[in-house]
Amino acid sequence: VSAPDNLVQAARSALSEAMADDDAVVVLGEDVADGGPFTLTRGLAAEHGAERVRSTPISEGAFVGAAVGVALGGGRPFVDIMFDDFLSLAADQLFNNAAKIHYVSGGRYSVPLTVWTLAGAGTRWGAHHSQNNAGWLSQVPGLKVLSPASPLMMRSSVRAALDDPDPVILFVDRSLLFSRAPLPGDDGSPWHPRVVQPGTDVTLVCSGRLVHLACEVTQHVDASVEVIDLQRLAPLDVTAVFESVARTGRLVIAHDEPHCGGHSTLIQSEVWRLGGGRIDAAVTRVTSPPTPVPAAGLLEDHHMVAAEDVTDAIDQVLR
Amino acid sequence: LERLRAFHTTVSSLRAFEEAVGESLRARDLEGLLHLSIGGEAVVVGVTSQLEADDLVYSSHRPHGHFLAAGADPRAVAAELAGRETGLCRGRGGSLHLMSDRAVMATGIVGGTLPLAVGHALRQPEGSVVVVFFGDGAVQTGTFHESMNLAALWRVPVLFVCENNGVAEFSTRDEHTTVEKVTDYGHLYGLPASEVDGGDVEAVARTVASLLPAIRNGHGPALLEAHVTRLRPHYEGDWREREEHVDFLVGLEARLVELGASADELATRRAADLEAARSLFRSVLHEDPLPDPADDRSLVFARPLP
């Protein structure tokens, strides 16, 4: 019996299947014809032809823009932006073109673009290869952002993104790339939050690697914690979180971003809005300090959201 | 004579449309940020005269001429500028985000459409081209160089048309760059690159006709640098005093008269086109429905998420 797929293997096989099903699917990005740094596209050029798996120059603005053009021409481009730190180089094309075209054209055009990008720290690769910029993406109307946390959900997410008529960012947690760990609810939809662990005392909402960390640490706290994997980071839907908080009365939002970042704040304010401007709950956010991601191992470990940060937050809302 | 007369007819209708746009804005019948291409019509008409049915146009921030010359319905363009539901983009785009079928899109970002044209060209049927218009201000963006490099590398069927008016927003080319000629960049990336007097519509058409066959035959992109004179400010309503510039249309009409056309007839056409354009805007402003804000959220996505 072969080992189950890890996330990157699941993504590659889902992408390959989509390419076999639909000639319009093409892959663009740095070194993709050669498999990329993390084997995401290994073998795809041989399987599906070099014309469909094009390595690009280090020109994020041009190849993301070109992918938008491919999409307007009826193609279904899958673009690899190696690290989400590099989103800044393609920001004009993503934020001003891909995200806005359906709306500003009055629905005349849509942009079926899939962007794969890796986010997150833990590698000692420093401030340009470790950020989590989900907060940037969640502020732009017109982008859909998925962050699958398990191999099976990665598989459904890749297929869902390539099937979708709109721009979808696959926001992949770097530290889960080679994870094989399944999660409860893996056969569900990638578009909606899932309860991966039911509980009655505290609601803990998170995504990516923090879902696994949350399931682990809550085994050792003296409370029943409901863990929700957000999955869809944008457009944000916190209905399930709100319903959970309505029962537990306590909310911990854990997200890998600097404390000044916007994603966890947005979750908090959306839950507040759903409560009609009032929720009867203790709420806290678990994030990183407002600094760039440090390179030194000791500093980076201190920077990242850790198990004790989550347990401290749970203790705080229980108090 | 007949060929030149046909060029004049198209130029006259584009000029009249944009004169009416300017008037309507000054009368506060239109709102918004409007960049007119008055003075640049010879390039628009010369280039688009050489296009075939499958060819596409990507536009810039001075898009009205590109769209009309590429066949967009003038009433739908006018309605878009007037923010009406009947506009090309249901009023959601406006001047800077015009989108239609043959003229694909305009942009509010200088240089923003260049890579899209390159990508779209990858999907085009064999033998067709994508033309992308941009100003000399775009040449200093990274996107210009990234797009030229990518198009040259992949031999993509794109004609890059630089409408060089020597003024980027409010400052002159020599305040933006030490590189004198835009065509130098074409040579650098190994592309055929030609320079032309953008006030001479026949020369533009001839030069484009000389560049297109190689592009259509799969030899890759080419660059055209057309020198034009911007007769209006960067945007309508700018406060700066403008120098007087020579209008190429005066020369075009003198040439037509030389060839035997009647000056009165040309003047009559110009006046009739202007009246027709004014009447079009009056009609749109009086008759066309405003968009409904209630529809708006549903337009963000092609497949909205619950």
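Here the structure is a predicted model, which is why all the values come from computation and not from measurement.

What counts and how
- Residues numbered from 1 in each chain as written.
- Chains lettered and ligands numbered in written order.
- Predicted model: local features only at pLDDT ≥ 70, side-chain atom pairs only at ≥ 80, totals over all residues.
- Heavy atoms only, no water.
- Helix = DSSP H or I, 4+ residues; strand = E, 2+ residues; numbered from the N terminus.
- Buried < 20%, exposed > 50% of the residue type's maximum accessible area, 1.4 Å probe, protein only.
- Areas by Shrake-Rupley, 256 points an atom, 1.4 Å probe, with all protein chains shown as cover.
- Salt bridge = Lys/Arg side-chain N within 4 Å of Asp/Glu carboxyl O.
- Pairing = 2+ DSSP bridges.
- Axes fitted to C-alpha atoms, helices over the stretch in contact; angles between N-to-C directions.
- Contact = heavy atoms within 4.5 Å.
- Buried area = accessible area lost by both parts, 1.4 Å probe.
- Polar contact = N/O pair within 3.5 Å; in protein donor to acceptor, adjacent residues only side chain to side chain.
- Nonpolar A, V, L, I, M, F, W, Y, C, P; charged D, E, K, R; others polar.
- Expected span 1.5 Å × (residues − 1).
- Core = buried A, V, L, I, M, F, W, Y, C linked by side-chain atoms within 4.5 Å.
- Phe/Tyr/Trp six-rings, centres within 6.5 Å; stacked < 30°, edge-to-face > 60°.
- Lys NZ or Arg CZ within 6 Å of the ring centre and 35° of its normal.
- pLDDT = per-residue confidence, 0-100.

**A short note on the overall build of chain B**
Item 1. Along its length, chain B carries 10 helices and 7 strands.
Item 2. Its C-alpha atoms put chain B at 65 × 50 × 40 Å along the principal axes.
Item 3. Across the 306 residues that make up chain B, the buried fraction comes to 55%.
Item 4. Accessible surface computed for chain B: about 12800 Å², of which carbon and sulfur atoms make up 50%.

**Here we look at the pattern of salt bridges**
A side chain of one charge can pair with a side chain of the opposite charge if their charged atoms are brought near each other.
Item 1. Within this structure, the stated rule accounts for 37 salt bridges over all chains.
Item 2. Close ionic contact of Asp 164 of chain A with Arg 303 of chain B constitutes a salt bridge, the shortest N to O distance being 3.6 Å. With Asp 164 of chain A in the loop between α7 (151-163) and β6 (168-173) and Arg 303 of chain B in the segment after α10 (263-287), the pair connects residues from two separate chains.
Item 3. Where Glu 287 of chain B meets Arg 75 of chain B, a salt bridge forms, and the shortest distance between an N and an O atom there is 3.6 Å.

**Focus on the sheet that holds strand β1 (residues 56-58) of chain B**
Residue and element names in this part refer to chain B.
Item 1. Reading across the sheet, the 5 strands line up as β1-β2-β3-β7-β6 and stay open at both edges, with parallel pairing between neighbours. Two strands close off the open sheet at either side, each with one partner strand: β1 and β6 (193-197). Ignoring strand direction, the axes of neighbouring strands in this sheet form an average angle of 20°.
Item 2. Bridge analysis of strand β2 (residues 130-135) against strand β3 (residues 158-164) gives 6 bridges, and the strand direction is parallel. Counterpart to Val 131 in the pairing with β3 is Leu 159.

**Focus on the pairing of strand β4 (residues 114-119) of chain A**
It is a general feature of regular strands that their side chains alternate between the two faces of the sheet.
Residue and element names in this part refer to chain A.
Item 1. Taking burial as the measure, the 6 residues of β4 include 6 buried ones, the bulk of the element.
Item 2. Of the two faces of β4, the one lined by Thr 114, Trp 116 and Leu 118 and the one lined by Val 115, Thr 117 and Ala 119 are each fully buried.
Item 3. Across 5 bridges, strand β3 (residues 76-83) lies against β4 in parallel orientation. Directly across from Phe 83, in β4, lies its bridge partner Leu 118.

**Some points on the interface of chain A and chain B**
Item 1. Taken together, the contact between chain A and chain B spans 47 residues of the former and 35 residues of the latter.
Item 2. Across the chain A/chain B interface, buried area totals approximately 3400 Å², and carbon plus sulfur atoms make up 62% of it.
Item 3. Inspection of the chain A/chain B interface yields 3 salt bridges.
Item 4. Here Asp 163 of chain A ties to Arg 303 of chain B by a salt bridge, and the two come within 3.2 Å at their closest N and O atoms.
Item 5. Run the count over chain A and chain B and you get 20 residue pairs in polar contact (both at pLDDT 80 or more).
Item 6. Elements represented by at least two residues in the side of chain A that touches chain B include exactly β2 (53-55), α3 (60-72), α4 (91-98) and α5 (101-104) of chain A.
Item 7. Ranked by the residues each element gives to the side of chain A that touches chain B, the list is headed by α3 of chain A, at 10 residues.
Item 8. Class assignment for the residues of the side of chain A that touches chain B results in 18 nonpolar, 19 polar and 10 charged.

**Details of the sheet that holds β2 of chain A**
All names here are of chain A.
Item 1. On the basis of which strands lie adjacent, the open sheet formed by 7 strands has the order β2-β1-β3-β4-β6-β5-β10 and mixed pairing. Bordering the open sheet on either side are β2 and β10 (232-234), each of which pairs with just one other strand. Within this sheet the neighbouring strands show an average axis-to-axis angle of 20°, counted without direction.
Item 2. Two elements, strand β5 (residues 144-146) and β6, share 3 bridges in a ladder whose sense is parallel. Its bridge partner lying in β6, Lys 144 is registered against Val 168.
Item 3. Its contacts with the sheet place α7 against β1 (25-29), β3, β4, β5 and β6, and it is angled at close to 160° to β6.

**Observations concerning helix α8 (residues 201-216) of chain B**
Residues and elements named next belong to chain B.
Item 1. Between the first and last C-alpha of α8 there are 22 Å, a value that for 16 residues agrees with the 22 Å anticipated at 1.5 Å per step.
Item 2. When α8 is considered as a whole, its buried residues turn out to be Val 201, Ala 203, Val 204, Ala 205, Thr 207, Val 208, Leu 211, Leu 212, Ile 215 and Arg 216.
Item 3. On its buried face, α8 is in contact with α1 (2-26), α2 (41-48), β3, β6, β7 (222-227) and α9 (248-258).
Item 4. Among the residues trailing α8, Gly 218 stands out with phi positive, at a value near 90°.

**Digging into the nonpolar core**
Item 1. Grouped together as the largest cluster of nonpolar side chains are 197 residues, with contacts concentrated most on Leu 72, Ile 81 and Trp 116 of chain A together with Phe 160 of chain B.
Item 2. Sort the elements by how many residues they give to this core and α1 of chain B lands first, with 9 residues.
Item 3. Apart from residues lying up to four places away in sequence, Trp 116 of chain A is in contact with Ala 11, Leu 40, Phe 78, Val 79, Asp 80, Ile 81, Met 154, Leu 170, Val 172 and Leu 177 of chain A.

**Topic: α2 of chain B**
Item 1. Most of α2 of chain B is tucked away: 8 of the 8 residues are buried.
Item 2. What α2 of chain B keeps buried is the set Glu 41, Ala 42, Val 43, Val 44, Val 45, Gly 46, Val 47 and Thr 48 of chain B.

**Looking at the side chain of Ser 12 of chain B**
All names here are of chain B.
Item 1. Among the structural elements, Ser 12 can be located in helix α1.
Item 2. Within polar-contact distance, the side chain of Ser 12 engages the side chain of Asp 273 at 2.5 Å.
Item 3. When neighbours within four sequence positions are excluded, Ser 12 is seen to be in contact with Arg 269, Arg 270 and Asp 273.

**Section: the packing of aromatic side chains**
Item 1. Overall, the coordinates contain 8 aromatic pairs over all chains when judged by the stated rule.
Item 2. An aromatic cluster is built from Phe 38, Phe 83, Phe 86 and Trp 125 of chain A, whose rings are joined through pairwise contacts.
Item 3. Sitting above the plane of the Trp 154 of chain B ring, Arg 54 of chain A keeps its charged end 4.7 Å from the centroid.
Item 4. The positively charged end of Lys 144 of chain A is found above the aromatic ring belonging to Phe 301 of chain B, 4.9 Å away from the centroid.

**Details of the confidence of the model for chain B**
Item 1. When pLDDT is averaged across chain B, the result is 95; 100% of the residues are at 70 or more.
Item 2. With a pTM of 0.95, the predicted complex shows an ipTM of 0.94.

**Quick notes on the side chain of Lys 144 of chain A**
Item 1. Along the chain, Lys 144 of chain A turns up in strand β5.
Item 2. Apart from residues no more than four positions distant in its own chain, Lys 144 of chain A is found in contact with Asp 164, Asp 166, Pro 167, Val 168, Ile 169, Trp 191, Ala 234 and Pro 235 of chain A together with Phe 301, Arg 303 and Leu 305 of chain B.

**Let's talk about the environment of Val 64 of chain A**
Residues and elements named next belong to chain A.
Item 1. With respect to the helices and strands, the residue Val 64 is situated in helix α3.
Item 2. For Val 64, a relative accessible area of 0% gives the class buried.
Item 3. Remark: the alpha-carbon pair of Val 64 and Ala 91, spanning 27 residues in sequence, is separated by 9.1 Å.
Item 4. Not counting the four nearest positions on each side in its chain, Val 64 is found in contact with Val 79, Ile 81, Ala 90, Gln 93 and Leu 94.

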